[in-house]
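Inside the fold
The lines below spell out each chain.
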Amino acid sequence: MRLKAVHSADSNGITGHTRSHIISRLDKGARTAENLVQILSNTDASAATDIDILEARAYAAMLRGAAHFESQKWDNCLKSYATARIIYSALESTKGDVLKDLLSETIDPSIRYAAYQNKVPRTLAIPTIARKAFPSSDETLVRQIQSVAPDLLRKDDPDAAKGPADTPSAPHTITWRSREVKIEDASIALAIGSTEAATARLAEKLESSDIVLPREMAAAYDEVLIASQDAADATKRAIDELKEEGVPQSDSRIQSLQITRTAVNYQMISWRIGRNRVLSGEHDGALLDSAPNTTRKAKKDASSQQAKIEPPGRKIARLKEKVVLYDATLQSLESIKELPGVAADDDLVRQLDATAKYFHALK
């Protein structure tokens, strides 16, 4: 692996003797690890537990997967890494966080790349791909896994039959400025579905008479903002994965993801601006008495409050709060222009500029 890292920057990739050497060493390591599994499996002599054997099998499967990866035997590579992932997922409850980095940094990216080479749809989540590729015919291995994690390989698990993108709440397409693109990544589809569900709940809350105060209304936006941030993060992660796999910028998948990235980020920023507008008060805070921090008690006792003169210092403090909100909104509008494809969209740029002038005027 050190040799692979040293030569990873080579313009022609790893070729010739270096490649053969890496494959040879990984194959020898895998054979040694598989020999250890056989030794431990003789429990009368080794006194090994199911967990001991599973740890050895997972390590052997991971090394064998690495050897197949370098040999570009993608079907075998996927099966080996799937075996390692299922076992390590079963052992996670006994090993705590120590396996999380191994799964996220080594095994999962390898499964995703091998699946891509095998033309497995990206709409399938990695756990689903691993279940499908796992050698369930190995009764001894299945029994050992079930002894540690009884529900992990359940046949009635809905995720075993379909990917998350097939759930009703997960959309299959997204539209941006009259352009519709397919969502080919399961994590993006789920995140967008969660955003849509959170948006529906927000609409119900805002229509409810229970929410009176601007701060209560603004708090209702939090769930949508979190969900839309997850969608933006998932899209960036998908783009980064494809770039790491060597997919060129001109590839149609990258292009579709860039459009998706712009769409989900635009939605997220729009919700952020909407929250600022709610906090500013009625008419976007154009009226001095539409303060961000109006209290229910103040509204309830409006008649008695009218008789009192508010100190200038308090008025200035409220104005400063609004200026902070306007500045945040202006920054958000500027960040939209930095999204892929926005600068070339003259109509949208004019709309953003006009909106920015409106908030500059308020400020």
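You'll find the structure just up there.
It should be emphasised that the depicted structure is a prediction, and the values quoted were computed from it without experimental measurement.

Cut-offs used in this document
Residues numbered from 1 in each chain as written. Predicted model: local features only at pLDDT ≥ 70, side-chain atom pairs only at ≥ 80, totals over all residues. Heavy atoms only, no water. 1 Å grid on protein atoms, 1.4 Å probe; cavity = no way out; pocket = protein on both sides within 12 Å on 5 of 7 lines; lining within 4 Å. Points joined across faces, edges and corners; volume = space filled by probe spheres on them. Helix = DSSP H or I, 4+ residues; strand = E, 2+ residues; numbered from the N terminus. Nonpolar A, V, L, I, M, F, W, Y, C, P; charged D, E, K, R; others polar. Buried < 20%, exposed > 50% of the residue type's maximum accessible area, 1.4 Å probe, protein only. Phe/Tyr/Trp six-rings, centres within 6.5 Å; stacked < 30°, edge-to-face > 60°. Salt bridge = Lys/Arg side-chain N within 4 Å of Asp/Glu carboxyl O. Core = buried A, V, L, I, M, F, W, Y, C linked by side-chain atoms within 4.5 Å. Contact = heavy atoms within 4.5 Å. Axes fitted to C-alpha atoms, helices over the stretch in contact; angles between N-to-C directions. Parallel < 35°, antiparallel > 145°, perpendicular 65-115°, else oblique. Left-handed = near helix turned anticlockwise from the far one by under 90°.

Considering empty space enclosed by the protein
Tallying each qualifying case throughout the model produces 1 cavity of 30 Å³ or more. In this structure, the largest cavity occupies an estimated 100 Å³ of space. Per-element tally for the lining of the largest cavity: the top contributor is helix H13 (residues 252-280), with 4 residues. Classifying every residue of the lining of the largest cavity gives 4 nonpolar, 2 polar and 5 charged.

Looking at unusual backbone geometry
The phi dihedral of Ala47 is positive, around 60°, even though this residue is not glycine. Turning to its location among the elements, Ala47 is positioned in the loop between helix H3 (43-46) and helix H4 (50-71). Accessibility expressed as a relative area gives 60% for Ala47, which makes it exposed. Its identity as a non-glycine residue notwithstanding, Gln72 has a phi of 60°, on the positive side. Tracing the backbone through its elements, the reader meets Gln72 in the loop between H4 and helix H5 (74-95).

Some points on the packing of aromatic side chains
The description of two aromatic rings rests on the distance between their centres and on the angle between their planes. A full pass over the atoms with the stated rule returns 7 aromatic pairs. Pairing Tyr326 with Phe359 gives two aromatic rings, centres 6.3 Å apart and planes at 50°, and the pair type is tilted. With a gap of 33 residues between them, Tyr326 in helix H16 (residues 312-337) and Phe359 in helix H17 (residues 346-362) connect regions that are remote in the sequence. Both residues of the pair, Tyr326 and Phe359, count as buried.

Notes on the pattern of salt bridges
Pairs may arise between side chains of opposite charge once their charged atoms sit close together. Considering all chains together, one arrives at 16 salt bridges under this definition. In this structure, Arg64 and Glu34 form a salt bridge, with 3.0 Å as the shortest nitrogen-oxygen distance. One end of the pair, Arg64, is in helix H4; the other, Glu34, is in helix H2 (residues 16-41), and 30 residues separate them in sequence. According to the relative accessible area criterion, Arg64 is buried, its value standing at 14%. Bridged by salt links that share partners, the residues Asp27, Arg31, Glu34 and Arg64 form one connected network.

A short note on the nonpolar core
A general tendency of soluble globular proteins is for nonpolar side chains to be buried together. Counting residues in each nonpolar core, the largest one holds 49 residues, and the members touching the most others are Tyr88, Ile107, Ile111 and Ile145. Those elements that place two or more of their residues in this core are H2, H4, H5, helix H6 (100-117), helix H7 (126-133) and helix H8 (139-148). Setting aside residues no more than four positions away along its own chain, Ile107 makes contact with Met62, Tyr81, Ala84, Arg85, Tyr88 and Leu102. One finds Ile183, Ala232, Ala263 and Met268 within the second-largest nonpolar core, a separate group that totals 33 residues.

Some remarks on the packing of H16 against H17
Axis separation between H16 and H17 bottoms out at 10 Å; the angle between their running directions is 165°. As summarised for this structure, H16 and H17 are arranged roughly antiparallel, according to the angle between their axes. Of the two elements, H16 crosses H17, and the hand of that crossing is left-handed. For the pair formed by H16 and H17, the contact residues are Tyr326, Thr329, Leu330, Leu333, Ile336 and Lys337 on the first element and Leu352, Asp353, Thr355, Ala356, Phe359, His360 and Leu362 on the second. A per-class count over the contact of H16 with H17 returns 8 nonpolar, 3 polar and 2 charged.

A short note on the environment of Gln258
Its place among the elements puts Gln258 in helix H13. In this structure, Gln258 is in contact with Ile239, Gln249 and Pro340, ignoring residues within four places of it in sequence.

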